[in-house]
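Chains, contacts and geometry: an overview
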Amino acid sequence: MKRMLQEEAGWILGTHQLLSGAIVTRYPGRPRIVPYFAHLALYGVLAAGNYGDRVRAYLEWYVAHLERPDRFGLYGTVYDYLVAADGREIPEEGYDSSDSYAATFLSLVRRYYEATGDRAWVQAHREELETVAGAMLATEQKDGLTLARPDWPVKYLMDNCEVYQGLMDYAALQEEVWGDADRAGFYRRKASRVAESIQRKMWVGEGFSPALYAAGLRLRPNWKNWYPDALAQLFPITCGLLEPGSSQARQIYRSFLRNYPSWHLVPSSTAFTSPLVAWAAALVGDEERLSTYFREVREKVIGAGRPWPWHAAESGVLAVALRLCL
């Protein structure tokens, strides 16, 4: 596992980090910079050890590309970018979500600070980080939950779990780096409101609703639908909203296993396999399935050269799961 952890970090940095510091997702035939995937990839890099300078290069890239404002009028968002054949980074004038991109960036900064102790970088970029926090909350609704983005009025379970984690991580930075108890309390109260609304409005007895719509429609989870319904159920565990040993977390994981008893088996090198399940499994202590999953990924995916749909974020999340098992 230690060797795999280092290999995944090396693969991410060696084949996906540009000279600008950006991390690319190598879609077939069209490499793109998708900040959300970059953040997950770098979670894993930080889990692997002493790569603070490489992660800092990405943090610098991100804060240098903040929109002020973007095409929706939001401040502190970052677009996806196409990477041209000549290396130019071309903004796509859009993003998959404004809430999750910002939230996962703040969580990445917290992980960077914990791994490196680089107080100076965090202190020097307080203004930019406050702007990113504003982007995370720009679509906040009366119940404290956020819409995915201004033109997409849906409150996703996955996004709001990441917002909860981003708020908690930013509150910790307020306290640990700047000694600002008032601002830390502000962000923790926001996080508590998100957690309370997820439990009150999205829990439907056998799982969480994967999405709430502006008109009030609440979808019940279809456990046979892998994404987003089933996979979304694990986000309250991986994002720290639920304690892994809680009865609710155990209920969710049992329901997941009942519907996907063979999640830990990889049928082929090009099959879609989400390491995020391994992340949740590591938190709840499913050691037997994890051992099989790591072996299957090493033999069938890594051994085959990590073909698509495996990409940098998959390696990053795999590395997080590996670190939890060491």
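Scroll up to find the structure this text is about.
Quick summary incoming for the structure in this document. (Residues numbered from 1 in each chain as written. Predicted model: local features only at pLDDT ≥ 70, side-chain atom pairs only at ≥ 80, totals over all residues. Heavy atoms only, no water.)

1. Considering the overall build of the chain
Within the chain, the secondary structure is distributed over 14 helices and six strands. For 326 residues, the compact-globule estimate of 2.2 N^0.38 gives 20 Å, and the C-alpha radius of gyration of the chain, at 19 Å, lies within 12% of that figure. Reported as C-alpha extents along the three principal axes, the dimensions of the chain are approximately 50 × 45 × 35 Å. Expressed as a percentage of contacts within the chain between residues at least 6 apart in sequence, the contacts between residues at least 24 apart total 66%. Surface accessibility of the chain: about 13200 Å² in total, with carbon and sulfur atoms responsible for 51%. (Helix = DSSP H or I, 4+ residues; strand = E, 2+ residues; numbered from the N terminus. Rg over C-alpha atoms; globule rule 2.2 N^0.38 Å. Contact = heavy atoms within 4.5 Å. Areas by Shrake-Rupley, 256 points an atom, 1.4 Å probe, with all protein chains shown as cover.)

2. Considering the packing of aromatic side chains
Tallied over the full model, the rule gives 21 aromatic pairs. Both rings, one in Tyr36 and one in Tyr101, keep their centres 6.5 Å apart while their planes meet at 20°; by these two values the pair is stacked. Separated by 65 residues along the polypeptide, Tyr36 in helix α2 (residues 35-48) and Tyr101 in helix α4 (residues 98-116) bring together distant segments of the chain. As far as the burial class goes, Tyr36 and Tyr101 line up, both buried. Among the aromatic residues, ring-to-ring pairing joins Tyr36, Phe37, Phe72, Tyr79, Tyr95 and Tyr101 into one connected group. We note Arg30 situated over the ring of Tyr27; from NZ or CZ to the ring centre the distance is 5.1 Å. Above the ring of Tyr27, the side-chain terminus of Arg32 is found at 5.2 Å from the ring centroid. (Phe/Tyr/Trp six-rings, centres within 6.5 Å; stacked < 30°, edge-to-face > 60°. Buried < 20%, exposed > 50% of the residue type's maximum accessible area, 1.4 Å probe, protein only. Lys NZ or Arg CZ within 6 Å of the ring centre and 35° of its normal.)

3. Some details on the nonpolar core
The biggest cluster of nonpolar side chains holds 112 residues, and the ones touching the most others in it are Tyr58 and Trp263. Those residues in contact with Trp263, other than ones at most four positions away along the chain, are Tyr253, Phe256, Leu257, Val277, Ala278, Ala281, Asp286, Arg289, Leu290 and Tyr293. (Core = buried A, V, L, I, M, F, W, Y, C linked by side-chain atoms within 4.5 Å.)

4. Details of α4
With 19 residues, α4 should reach 27 Å at 1.5 Å per residue; the first-to-last C-alpha distance of 27 Å fits that figure. Of all 19 residues in α4, 15 are buried; the element is thus mostly enclosed. (Expected span 1.5 Å × (residues − 1).)

5. Section: the sheet that holds strand β4 (residues 89-91)
In space, the four strands of this open sheet follow the order β1-β2-β3-β4, with antiparallel pairing throughout. This sheet does not close on itself; its edge strands, each paired only once, are β1 (25-27) and β4. Averaged over all pairs of adjacent strands, the angle between strand axes in this sheet comes to 35°, irrespective of strand direction. Of the strand pairs in this sheet, strand β3 (residues 81-83) and β4 are connected by three bridges, and their pairing is antiparallel. The residue of β4 that forms the bridge with Val83 is Glu89. (Pairing = 2+ DSSP bridges. Axes fitted to C-alpha atoms, helices over the stretch in contact; angles between N-to-C directions.)

6. What to know about the pairing of strand β2 (residues 30-33)
The pairing of β1 with β2 spans three bridges and is antiparallel. Across the sheet, residue Thr25 finds its bridge partner in β2, namely Arg32. Hairpin connection between β1 and β2: a loop of two residues separates the two successive antiparallel strands, and Gly29 in this loop has a positive phi of roughly 80°.

7. As for a positive patch on the surface
Taken together, Lys224, Arg250, Arg254 and Arg258 make up a surface patch of like positive charges. Residue placement: Arg250 occurs in helix α11 (residues 247-259). Arg250 sits in the partly exposed class, given a relative accessible area of 41%. (Patch = residues over 30% accessible without salt bridge, like charges linked within 9 Å, V, L, I, M, F, W, Y side chains within 5 Å. Salt bridge = Lys/Arg side-chain N within 4 Å of Asp/Glu carboxyl O. Lys, Arg positive; Asp, Glu negative; His and termini not counted. Charge placed at Lys NZ, Arg CZ, Asp CG, Glu CD.)

8. What about the side chain of Arg149?
One can find Arg149 in the loop between α6 (126-137) and β5 (154-156). Residue classification places Arg149 among the buried positions, given a relative accessible area of 18%. Those residues in contact with Arg149 that sit more than four places away from it in its chain are Tyr95, Asp96, Ser97, Ser98 and Thr139.

9. Considerations on the state of the cysteines
Applying the stated criterion to the full structure yields zero disulfides. Cys161 takes part in no disulfide bond, and the closest cysteine sulfur to it belongs to Cys239, at a distance of 5.4 Å. Of all cysteine sulfurs, the one in Cys239 lies closest to Cys325, which takes part in no disulfide; the gap is 18 Å. (Disulfide = S-S within 2.5 Å.)

10. Some points on the layout of surface pockets
Computed from the structure, the largest pocket encloses a volume of approximately 730 Å³. As for the largest pocket, its lining consists of 30 residues, of which Tyr36, Phe37, Asp96, Met158 and Tyr227 are closest to the centre. Those elements that provide at least two residues to the lining of the largest pocket are α2, α4, α7 (157-176), α9 (226-232), α12 (275-284) and α14 (312-325). Of the residues belonging to the lining of the largest pocket, the class tally is 19 nonpolar, four polar and seven charged. Its volume calculated, the second largest pocket comes out at about 390 Å³. Arg110, Arg111, Glu114, Gln165 and Asp169 are the residues nearest the centre of the second largest pocket, which is lined by 17 residues in total. Those elements that place two or more of their residues in the lining of the second largest pocket are α2, α4, α7 and α14. Across the lining of the second largest pocket, the residue classes tally to 10 nonpolar, two polar and five charged. (1 Å grid on protein atoms, 1.4 Å probe; cavity = no way out; pocket = protein on both sides within 12 Å on 5 of 7 lines; lining within 4 Å. Points joined across faces, edges and corners; volume = space filled by probe spheres on them. Nonpolar A, V, L, I, M, F, W, Y, C, P; charged D, E, K, R; others polar.)

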